[in-house]
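Examination of the molecular architecture
Here are the chains, one letter per residue:
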Amino acid sequence: MSASVDALSALKAKFPQVTDRASRDCPAVDVPTADLVAALKSLRDEAGFDLLSDVTAIDWAEGATPRFTAVYHLYSTTSHAAVRVATPCTGDDAAPAVPSVVALWPGANWHEREAYDMFGIKFEGHPDLRRILMWDGYPYHPLRKEFPLAGIETALPDLEVAEETQAKVIPAPMVGGPFVASSGEMNLTEAEPRAKDESWNERSAKPQA
Amino acid sequence: MATEIAFPDSAAKAAGAEQEFAPEKMSLSMGPSHPSTHGVLRLQMELDGEVLTKCDPIVGYLHRGDEKIAENMTYNQFVPYTDRLDYLAPLANNMAYAIAVEKLAGLEVPARCQAIRVLTAEMARISAHLMGLGAFGLDVGAWTVLVHSLNQREHLYKLFEELTGARFTTSYTRIGGVSRDVPEGWLGRVIAFCDQFEPALEETLALLTRNKIFQDRTVGVGIITKADALAYGLTGPNLRGSGVALDLRKDRPYSGYEQYEFDVPVGSKGDCYDRYLCRGEEMRQSVRIIRQVIAKFPSGDWYAKDARKIFAPPKDKILTSMEELINNFMIVTEGPQIPAGEVYFEAENPKGALGFYIVSKGGGVPWRMKIRSPSFCNLSILPKVCVGTMMSDVVTLLGSLDFVMGECDR
């Protein structure tokens, strides 16, 4: 653990704008977006964090500043230490942006594509930024907080099939589902159950479809 | 009417000729429904004859939005969803998730619970590696291996069923403990399994290890160099096959792994054969760990005593004590109250490092949960290693990477 603390103090000495980030496990820092690539490069080359475990993002919901935070988890195969590096995304809600680290770790390629797919974050300098889990041409970014859990009605990816079958991607029927709660400080009695169909309950029977 | 005859200059003529005789590239799509893609992976390939010039894996056919789902349900409710990540080793996934949340909640689980978790995770590792081995054998034409490994997995499933009540999707681990104690005499049956498994494993591995046909298909095929493996974030047997001795059970011990002696097998070349050897040896080491766990199986509780706000109280207490009933009601309706903060925990799963990154704003539901799936990272190296290999070797390579799409696509 001390290896990662040392590495981060060295990083803070080198980049004065780097600040500590609250964390309940491994040491973590907040890095300004402009310093991100240089800071990660310095961690990789000077502190020996050679394995990029994970790249992901957090959506802090509409109205928060910054709205999106990109998070990098690094691991050192020599000192077996781990650090977390976070950076706020620049740009507006519709097109947040953060520099790409594919040049440092080719493995970041798919992680960044996933974050782009799920949050719509543009990784500047990414060689091939397209969707990975959802299909090309899918109009939404599902992990954004404003995207409903049930999904939104969308056309099928294959237009020919869509025309032939008249089928669509429809929101999930969630009556009786397990989704009772939502995150944050909200009173859960008010939040629950969001997907409940109010047209039937214990006293009045379920209407026949 | 005069016909215009163009006389192109010689350079243009030569360029035209080159184009005419340039090898024609063929585009080939393999999957998403193909026996050797082990699920619903699709490879969009470009072939020059039989050699790949480009490979673009297309994933996401099994995307169920697990991370979105996690943001909309309580911590306890998400346990069954972890079964469906790497569905060949649900017990190991359950454990990784539980430890991540426990870290966030600051919970210490008792020694007996840790031992049960290690035991089940190692049994899950054997089960997952057996399936990987059998499927790999099938990919390169050795049919018998699958039959042997399925037979052994059946023994394991019987043990899982007795312990957890389910053969496949176990949902055994709870945050702060496990769902129930080991049944009477179960540990003896695990030992009995190990006793018959060890010779059976040697017999199964003997079908492949010195098999000329198998060696011809795998030795020197699909080489992943040490540098590439690290750069692409490979973990698990795929990384160790490339010669990096990274095993989180050894390097960052969790759940009491530091008490057990085991070796970390490491490959020398990083080819498909090395990855196969690593998995074979890991099963032997898992048996070794299982024997050690059972030899010093601790007594005591199998759930954390200080987890009153997380772990549902015992059923008899709920029905007899008002306070416990209220407690249970709060846990079920509002979820366990986890403090705000963020935590990232990686466990050494059969396929590699399964990570859970949980951001909490307090309350019973995570604000954000990212699942770092090893299969996803392991597959991301395909565009790099596939180029220049033969079409038939791609099947070998896929088999040796041993991925699970349920985990890759989440």
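As a starting point, this report considers the structure included with it.

Criteria and cut-off values
- Residues numbered from 1 in each chain as written.
- Chains lettered and ligands numbered in written order.
- Predicted model: local features only at pLDDT ≥ 70, side-chain atom pairs only at ≥ 80, totals over all residues.
- Helix = DSSP H or I, 4+ residues; strand = E, 2+ residues; numbered from the N terminus.
- Buried ≥ 20, exposed ≤ 12 C-beta atoms within 10 Å, placed from the backbone.
- Contact = placed C-beta atoms within 7 Å.
- Expected span 1.5 Å × (residues − 1).
- Arc of directions from axis to C-beta.
- Pairing = 2+ DSSP bridges.
- Axes fitted to C-alpha atoms, helices over the stretch in contact; angles between N-to-C directions.

1. Side note on the overall build of chain A
Along its length, chain A carries 5 helices and 9 strands. Its helices and strands in sequence order give chain A the pattern α-β-β-α-β-β-β-β-α-β-β-α-β-α, from N to C terminus. Relative to its 209 residues, chain A shows a buried fraction of 36%. Counted over contacts in chain A with a minimum sequence separation of 6, partners at least 24 positions apart contribute 44%.

2. With respect to helix α1 (residues 2-14) of chain A
Residue and element names in this part refer to chain A. When the terminal C-alpha atoms of α1 are compared, their 18 Å separation across 13 residues agrees well with the 18 Å that a helix rising 1.5 Å per residue should span. What α1 keeps buried is the set Ser4, Ala7, Leu8 and Leu11. Down the axis of α1, the smallest arc covering the buried residues is 95°, so these residues share one side. In α1, the exposed positions angled more than 90 degrees off the buried face are occupied by Ser2 and Ala13.

3. Regarding the pairing of strand β7 (residues 352-360) of chain B
Residues and elements named next belong to chain B. Most of β7 is tucked away, with 9 of its 9 residues classed as buried. Relative to β7, strand β6 (residues 341-349) runs antiparallel, the two sharing 9 bridges. Across the sheet, Ala347 pairs through a bridge with Leu354, a residue of β7. Linking two consecutive strands that pair antiparallel, namely β6 and β7, is a turn of 2 residues. In the sheet, β7 pairs with strand β8 (residues 368-372) via 5 bridges, with the strands oriented antiparallel.

4. Overview of the sheet that holds strand β2 (residues 28-30) of chain A
Residues and elements named next belong to chain A. What the 5 strands build is an open sheet, ordered β1-β2-β5-β4-β3; its pairing is mixed. Looking at the sheet topology across the chains shown, the edges are occupied by β1 (19-20) and β3 (51-59). Here 7 bridges tie strand β4 (residues 68-75) to strand β5 (residues 82-88), and the two strands are oriented antiparallel to one another. Opposite His73, over in β5, you have Arg84 as the bridge partner. Here α1 sits on the sheet in contact with β2 and β5, set at roughly 35° to β5. Relative to the sheet, helix α3 (residues 108-119) contacts β3 and β4, its axis offset from that of β3 by approximately 10°.

5. With respect to the sheet that holds β8 of chain B
Residue and element names in this part refer to chain B. Reading across from one edge, β6-β7-β8 is the order of the 3 strands in this open sheet, with antiparallel pairing throughout. Of all the strands in the sheet, just β6 and β8 have a single pairing partner and so form its edges. Ignoring strand direction, the axes of neighbouring strands in this sheet form an average angle of 10°. This element, helix α4 (residues 90-105), spans β6 and β7 of the sheet and lies at about 155° to β6.

6. With respect to the pairing of β4 of chain A
All names here are of chain A. With respect to burial, β4 is a largely interior element, 8 of its 8 residues being buried. Neither face of β4 is left uncovered, since the one carrying Phe68, Ala70, Tyr72 and Leu74 and the one carrying Thr69, Val71, His73 and Tyr75 both have all their residues buried. Bridging between β3 and β4 involves 8 bridges; their strand directions are antiparallel. Each residue of the ladder has a partner; that of Ala57, found in β4, is Ala70.

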